[in-house]
Number of protein chains: 2
Amino acid sequence: MAAFYPLPVPFTSMQTIELLVVPRWLVPVEPADQVYEDHALAVDGGRIRDVLPLPFAKQLYAPREVLELPHHALLPGLVNAHTHAAMTLLRGLADDLPLMDWLQNHIWPAEARHVGYAFCADGVRLAAAEMIRGGTTCFNDMYFFPDATAAVVAEIGLRAVLGLIVLDFPSAWAANWQDYIHRGLELHDRLKGTPGVRTIFAPHAPYSVGDAALERLRVLADELGLGIHMHVHETAAEVAEAVKASGKRPWQRLRELELLGENFLAVHMTELEADEIAEAARLGVSVAHCPESNLKLASGFCPVARLRAAGVNVALGSDGAASNNDLDLWGEMRTAALLAKGVSGSAAALPAAEALRMATLAGARALGLEDEIGSLSPGKSADFIAVDLSAPATQPVYHVLSQLVYAASREQVSHVYVAGRALMRERRLLTLDEAETLARAAQWRARIATTDPS
Amino acid sequence: MAAFYPLPVPFTSMQTIELLVVPRWLVPVEPADQVYEDHALAVDGGRIRDVLPLPFAKQLYAPREVLELPHHALLPGLVNAHTHAAMTLLRGLADDLPLMDWLQNHIWPAEARHVGYAFCADGVRLAAAEMIRGGTTCFNDMYFFPDATAAVVAEIGLRAVLGLIVLDFPSAWAANWQDYIHRGLELHDRLKGTPGVRTIFAPHAPYSVGDAALERLRVLADELGLGIHMHVHETAAEVAEAVKASGKRPWQRLRELELLGENFLAVHMTELEADEIAEAARLGVSVAHCPESNLKLASGFCPVARLRAAGVNVALGSDGAASNNDLDLWGEMRTAALLAKGVSGSAAALPAAEALRMATLAGARALGLEDEIGSLSPGKSADFIAVDLSAPATQPVYHVLSQLVYAASREQVSHVYVAGRALMRERRLLTLDEAETLARAAQWRARIATTDPS
């Protein structure tokens with residue numbers, strides 16, 4: 001580490017802190033490309049107090065607890081920039097089907113029959129178990145009954161940005177776009193001050209939300225200082241149909257509605273022309289790249305290398321487990337890095353450090369949380385995870401970032417903390433009853449399987 | 001299960017067998033697309049004696065041991081159709097670099113300095129630990145010192161096909177192509193009768209092996225009944241250079257040398273014209289698809305859907321850990337299925353059952369072992385693995401094959417058997433000293449890291 005550190009003043013009394021974490025490697029993400037050895041993370045009051053060389057830490061701090069992680073990399077919790085957490089109950093219900101067959105004959109009928117508050121609460125619980133076990137500490141959600149999601153997240157101590165979903169058609173959650181907005185605003189007000197939970201407007205997609213709703217959302221987003229989270233240009237067919245119907249690409253329509261800006265997170269973005277990429281950069285739009293979902297549904301290839309070269313902030317999402325089929329950001333990081341190389345034709349495209357940044361700090365920035373999470377930086381919330389690299393599949397270790405992105409798996413995450421609170425230690429969940437969560441998932445399975453045609 | 005089963009004759013004495021495995025789900029791979037419930041696998045003398053409904057198994061067999069696997073899928077051991085196992089010691093030594101920089105400045109210098117019998121033995125040991133822990137029971141190897149690989153494999157009880165490597169240039173293993181062949185044949189003779197170990201000729205690639213060596217190998221392969229395992233058309237550049245130098249695509253040259261046939265396994269095959277695909281099908285050539293390596297090195301996209309549509313047998317390989325960076329066939333299955341959909345533009349391409357078949361029976365067939373391994377079929381060797389699907393990330397289970405390919409990870413493999421012998425139980429390795437293996441890997445790391453420029 002090149003950073004200068006002042007010697008501690010002698011005879012100063014040591015400061016008592018809650019926790020000192022002493023990992024084999026400390027990966028702060030910011031500054032980029034850095035891996036510190038012989039460093040410690042000082043945690044107090046739910047926040048990162050310090051990141052400093054171990055000898056200084058021992059002189060400065062009197063921790064109530066020391067967490068020794070001799071084979072582990074310590075890094076910021078992963079940020080899943082796009083998912084539909086409750087859909088985890090539909091994981092693998094129907095696969096290997098053309099998109100419309102999958103949606104119309106399996107997913108939509110199952111949703112119409114089963115989605116309600118209880119489905120969403122139990123689905124989010126299962127998703128949370130998986131996410132925590134895989135090192136995800138913050139997720140950006142878009143689904144019905146965000147109130148259920150909020151309740152589960154708050155109870156478990158995870159961090160989430162809840163999409164206030166808006167659609168032009170009715171669901172069990174709301175009757176019409178005005179009702180969606182109304183229910184969303186109610187929830188937004190109710191959640192004010194709830195730790196770890198934020199809200200974001202989530203108009204589903206250009207093809208499912210009309211101009212009237214979008215114009216209203218633009219005004220409300222400005223008034224309330226909220227972001228907007230939306231599927232945009234997921235497939236070529238979607239763009240072609242819009243052009244055929246209206247003469248406009250959806251991107252152009254959203255721009256004309258003045259929705260595109262720094263608080264806008266566009267999900268998927270597989271179909272982009274050069275001027276749209278330049279515009280995304282100029283306007284400060286963030287992109288949520290979901291590589292495994294895009295591949296699995298044959299949606300197209302998001303031009304990640306070109307977006308990044310233009311200066312666009314690109315975050316990483318798993319999408320829902322019904323189309324992925326997991327919420328594993330390790331898989332998404334690796335697939336994003338590999339796919340960027342394959343698609344661009346350059347083995348140097350999207351190196352490991354940048355894939356990790358997409359899954360952490362870029363996600364935080366896309367959600368307006370970059371001052372709060374996304375890196376191990378003093379002052380930020382103590383959202384961090386440890387990854388045990390001692391397994392044969394991640395040995396030997398020449399370069400920690402390579403190992404994390406190209407060889408590590410979700411099961412190697414050993415510890416997960418959010419705001420200084422342990423959600424998992426040594427792979428044991430501490431704030432969520434795993435057995436009960438699985439039992440409820442099994443009950444839903446029994447109900448859902450009998451009504452699916454496959 | 002629709003198969004007819006005769007009722008056991010009453011009063012017949014029960015047959016004593018070594019082991020009865022009772023999984024939640026039994027995935028035989030052959031017949032395709034089948035998942036049996038309430039079935040058992042009967043094992044005796046290292047072979048699969050029977051696959052049958054549990055009530056019949058209880059009446060017919062008196063097992064010395066019953067292995068109850070109430071949350072598990074039981075399937076044939078995975079077959080890695082292409083790897084360089086010893087290179088696991090170079091895992092992550094240098095990443096995110098253009099191919100030639102990676103090879104010339106990192107991999108080749110490290111190999112020149114360090115490769116010898118001890119490097120290969122220790123590297124294969126580390127690879128074996130990773131492979132067993134990930135459910136791979138058979139691998140097709142291509143590297144120097146196959147004698148070291150053979151010794152480790154025989155000691156551990158894994159199954160391998162050892163490439164008798166041939167190159168036109170010298171290495172620590174041999175001085176010239178005649179010497180490579182000579183040493184290979186010596187090893188082939190020495191290994192006759194060694195259980196679990198076979199040999200295959202492994203001329204490295206068209207650009208690194210001349211006509212004289214290939215002509216000799218063709219004659220020897222016929223005489224000895226051995227297969228041929230070769231990198232072919234890995235990149236567009238390699239094909240273009242051959243055309244520039246000789247006027248011929250490498251495929252054409254290999255065909256004119258009469259190397260292409262049912263005993264030929266072509267690795268990578270990213271650059272293929274329609275007539276070459278048709279020819280591969282007509283001649284019975286097998287292909288080893290290495291999707292993660294091809295992406296990571298930006299080598300191109302193997303046209304898997306077109307090859308399979310033409311009737312070509314396509315197996316799955318991890319390639320070496322230096323370019324992947326693991327030996328995880330779960331990752332390769334998923335990437336193969338996802339990539340085939342993305343590249344072909346059809347979400348229905350390469351369904352889960354076919355990805356699993358590539359990683360099992362197609363691999364067995366590519367290696368001439370389809371009568372011995374690759375499916376849970378009576379009479380075959382008892383090479384099988386169990387996968388525990390009870391984790392949140394693989395719940396609920398609607399379709400077992402989807403879950404295995406799209407959601408399961410290597411760490412969910414709980415038990416691994418080869419020829420009826422347990423190599424791993426409850427994730428504990430039984431025939432390999434993991435701590436010593438990791439300690440040796442750490443020693444190699446220390447030596448290798450000091451000489452690498454990165």
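These numbers come from a predicted model, not from an experiment. (Residues numbered from 1 in each chain as written. Chains lettered and ligands numbered in written order. Predicted model: local features only at pLDDT ≥ 70, side-chain atom pairs only at ≥ 80, totals over all residues. Heavy atoms only, no water.)

## Let's talk about the relation of the copies chain B and chain A
To go from the first copy of the chain to the second, apply a rotation about an axis and then a shift along the same axis. Threshold: Least-squares fitting of one copy onto the other uses the C-alpha atoms of those residues that reach a pLDDT of at least 70 in both copies. Pairs of residues are marked as contacts when any of their non-hydrogen atoms sit within 4.5 Å.
Turning chain B through 180° and shifting it by 0.0 Å along the axis lays it on chain A, with an RMSD of 0.0 Å. With respect to symmetry, the two chain copies, as superposed, fit the operation of a two-fold axis. Across chain B, the smallest distance between a C-alpha and the rotation axis is recorded for E411 of chain B, namely 3.4 Å. A symmetric contact is evident, with 100% of the interface residues of chain B recurring at the interface of chain A.

## Section: the domain arrangement of chain A
Residues and elements named next belong to chain A. Counted only if it meets this: For the purposes of this description, domain bounds are those given by an automatic or database domain assignment. As used here, buried area is the combined drop in accessible area, with a 1.4 Å probe, of two parts when they are placed together. The salt bridge criterion pairs a side-chain nitrogen of Lys or Arg with a carboxyl oxygen of Asp or Glu, the two atoms within 4 Å.
Along its sequence, chain A is organised into domain 1 (3-76 + 384-418) and domain 2 (78-366). Each of domain 1 and domain 2 was reduced to a C-alpha centroid, and the two centroids are 31 Å apart. Facing 22 residues of domain 1, the contacting portion of domain 2 comprises 26 residues. Here domain 1 packs against domain 2, burying approximately 1,900 Å² in sum over the two surfaces, 68% of which is carbon and sulfur. For the domain 1 face of the interface with domain 2, the top three residues by lost area are V405, Y406 and R410, together amounting to 36%. Applying the counting rule to domain 1 against domain 2 returns 2 salt bridges.

## Quick word on the interface of chain B and chain A
Inclusion rule: Here a polar contact is recorded for every N or O atom pair within 3.5 Å, except that within protein the pair must consist of a potential hydrogen donor and a potential acceptor, and residues adjacent in sequence are included only if both atoms are side-chain atoms. The numbering of helices and of strands both runs from the N terminus, where a helix is a DSSP run of H or I of at least 4 residues and a strand a run of E of at least 2. Residue polarity is assigned by list, with Asp, Glu, Lys and Arg as charged and Ala, Val, Leu, Ile, Met, Phe, Trp, Tyr, Cys and Pro as nonpolar; anything else, Gly included, falls into the polar class.
Facing the 62 residues of chain B at the interface are 62 residues of chain A. Of all residues in chain B, D96, P392 and Y398 of chain B bury the most surface against chain A, accounting for 16% of the area lost on that side. For the pair chain B and chain A, the interface holds 6 salt bridges. Where D326 of chain B meets R334 of chain A, a salt bridge forms, and the shortest distance between an N and an O atom there is 2.6 Å. Taken together, the connections running from chain B to chain A amount to 30 residue pairs in polar contact (both at pLDDT 80 or more). If you list the elements that add at least two residues to the side of chain B that touches chain A, you get helix 3 (117-133), helix 10 (291-296), helix 12 (329-344), helix 15 (400-406) and helix 16 (434-451) of chain B. It is helix 16 of chain B that provides the largest number of residues to the side of chain B that touches chain A, a total of 7 residues. By residue class, the composition of the side of chain B that touches chain A is 32 nonpolar, 16 polar and 14 charged.

## As for the layout of surface pockets
Our working rule: Here a cavity means grid points, on a 1 Å grid over the protein atoms only, where a 1.4 Å probe fits yet cannot get out; a pocket means an open set of points with protein on both sides within 12 Å along at least five of seven lines; lining residues are those with an atom within 4 Å of a point. Grid points are joined across faces, edges and corners, and a volume is the space filled by probe spheres set on the points.
Its volume calculated, the largest pocket comes out at about 1,200 Å³. Around the largest pocket, the lining is made up of 46 residues, and of these M100, L103, W108, H204 and Y207 of chain A lie nearest the centre. Among the secondary structure elements, those contributing two or more residues to the lining of the largest pocket are helix 2 (99-114), helix 7 (236-246) and helix 8 (250-256) of chain A. Among the elements that take part in the lining of the largest pocket, helix 2 of chain A stands out by supplying 8 residues, more than any other. The residue inventory of the lining of the largest pocket, partitioned by class, reads 26 nonpolar, 12 polar and 8 charged. Contributing elements (two or more residues each) for the lining of the second largest pocket: helix 2 (99-114) and helix 7 (236-246) of chain B. Considering each element in turn, the lining of the second largest pocket owes the most residues, 8 residues, to helix 2 of chain B. Among the residues making up the lining of the second largest pocket, the classes are represented as 25 nonpolar, 10 polar and 5 charged.

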